[in-house]
Amino acid sequence: MKKLIKTLPILMACTGIMASAIAGPHWGYEGKETPENWGKLSPEYQMCDLGKNQSPVNITGPIHAEVNNLDIHYDLISGTIINNGHTVQINDKNANDYLTVDGEQFKLTQFHFHAPSENQINGKTYPMEAHFVNQNKDGELLVMAVMLEEGKSNPIAAQLLSLLNDKENTPTNINGIDIRTFLPEVSDYYRFSGSLTTPPCSEGVTWIVLKQPITLSKSEITKFKSVFKHHNNRPVQPLHGRLIISN
Ligand SMILES: [Zn+2]
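Cut-offs applied
- Residues numbered from 1 in each chain as written.
- Predicted model: local features only at pLDDT ≥ 70, side-chain atom pairs only at ≥ 80, totals over all residues.
- Heavy atoms only, no water.
- pLDDT = per-residue confidence, 0-100.
- Contact = heavy atoms within 4.5 Å.
- Axes fitted to C-alpha atoms, helices over the stretch in contact; angles between N-to-C directions.
- Helix = DSSP H or I, 4+ residues; strand = E, 2+ residues; numbered from the N terminus.
- Left-handed = near helix turned anticlockwise from the far one by under 90°.
- Nonpolar A, V, L, I, M, F, W, Y, C, P; charged D, E, K, R; others polar.
- 1 Å grid on protein atoms, 1.4 Å probe; cavity = no way out; pocket = protein on both sides within 12 Å on 5 of 7 lines; lining within 4 Å.
- Points joined across faces, edges and corners; volume = space filled by probe spheres on them.
- Buried < 20%, exposed > 50% of the residue type's maximum accessible area, 1.4 Å probe, protein only.
- Polar contact = N/O pair within 3.5 Å; in protein donor to acceptor, adjacent residues only side chain to side chain.
- Donors = N, O, S within 2.8 Å, 3.2 Å for Na, K, Ca; no water.
- Pairing = 2+ DSSP bridges.

With 91% of its residues at a pLDDT of 70 or more, the chain has an overall mean of 90. For residues 1–21, every residue scores under 50 in pLDDT, and the model assigns this stretch 35 contacts once sequence neighbours within four places are set aside.

Structural data, given as structure tokens:
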């Protein structure tokens, strides 16, 4: 069990405004700051090079297991939405948003988007991927990923985009956004051990990738991509013998 003190920098690196105030060396997705170089940008980021349980991964050959159902209790999101220069991120302050897995409760802290997807399923890359970052009482992280593909318009995504200030690091308050309809109805999932997909690439993160994607319209995907200005996905990392289980 990790101590809270160890995971504090992880959380800060994940959370929009705080990250800009206390973040380590600049990193990105282009030029010298590209993912291949993250581990060399700073000693703090060395896990990006040295880690053996890194994310994202290509999900292949999952082992079927009797795993507990995932219970998602996301209700009304209240907090801020921000373009933090790396992604569009929604920081959630509602203490009633949580999920339980294996009887353990994880509170939703934020969610954000990548385009294209970071994880792959059987080698398939999706147009986008949403990451819901959750934390238990010991500070351990669980990221629930949802794949996004092109299709019907998504009212919640449209609502979020309408609230977003395109300007970097300029948060907008949001209050009471119901994201229950944003998530797929079926919560069958893949599960594996991994890391943050951004510096400092800290490990010990539980990953749950939902099997069922949700849809966004072409124009909603285009709008997200225009905010990011460039792709913001880390390439897939070697499994190094890790097992992926599925229900
Ligand atoms: Zn992410």
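Now that the structure is up, let's keep going.
A few words on the packing of helix α5 (residues 155–163) against helix α6 (residues 218–228). Relative to each other, α5 and α6 sit at 35°, their axes nearing to 10 Å. Where α5 crosses over α6, the two elements pack in a sense that is left-handed. Mapping the contact onto sequence places Ala157, Ala158 and Leu161 in α5 and Glu220, Lys223 and Phe224 in α6. Along the lines of polarity and charge, the residues of the contact of α5 with α6 split into four nonpolar, no polar and two charged.

For the second largest pocket, the calculated volume is near 420 Å³. What lines the second largest pocket is a set of 18 residues, among which Thr181, Phe182, Leu183, Pro184 and Glu185 lie closest to the centre.

Bringing the side chain of glutamine 54 into the picture now. Examined against the element boundaries, glutamine 54 turns out to sit in the loop between α4 (47–50) and β1 (58–59). Judged by relative accessible area, glutamine 54 falls into the buried class, the value being 2%. Polar side-chain contacts of glutamine 54 include one of 3.0 Å to the backbone oxygen of cysteine 201. One polar contact links glutamine 54 to glutamate 203, side chain to side chain, over a distance of 2.9 Å. If we ignore the near neighbours within four places in the chain, the residues touching glutamine 54 are Met47, Cys48, Ser195, Cys201, Glu203, Arg234, Gln237 and Arg242.

Attention now goes to the coordination of the zinc ion. Within the protein, the atoms that donate to the zinc ion are His112 (NE2), His114 (NE2) and His131 (ND1), at distances of 2.0 to 2.1 Å. Ordering the donors of the zinc ion by residue number gives the pattern H-x1-H-x16-H. Accessibility expressed as a relative area gives 10% for histidine 112, which makes it buried.

Turning our eyes to something else, we now look at the pairing of strand β9 (residues 128–135). Working note: regular strand, side chains alternate between the two faces of the sheet. Most of β9 is tucked away: eight of the eight residues are buried. Burial along β9 is two-sided: the face carrying Met128, Ala130, Phe132 and Asn134 and the face carrying Glu129, His131, Val133 and Gln135 are both buried. Judged from the seven bridges that link them, strand β7 (residues 104–114) and β9 form a sheet pairing that is antiparallel. Of the residues in β9, the one forming a bridge with histidine 112 is histidine 131. Linking two consecutive strands that pair antiparallel, namely β9 and strand β10 (residues 141–150), is a turn of five residues; a positive phi of about 85° is found at glycine 139 within it.

So, about the side chain of asparagine 233. For asparagine 233, the position within the fold is in the loop between α6 and β15 (245–246). Its relative accessible area of 16% is what places asparagine 233 among the buried residues. Within the structure, the side chain of asparagine 233 is placed 3.1 Å from the side chain of histidine 231, a separation counted as a polar contact. In contact with asparagine 233, not counting residues within four places along its chain, are Tyr29, Pro35, Ala115, Pro116, Ser117 and Glu118.

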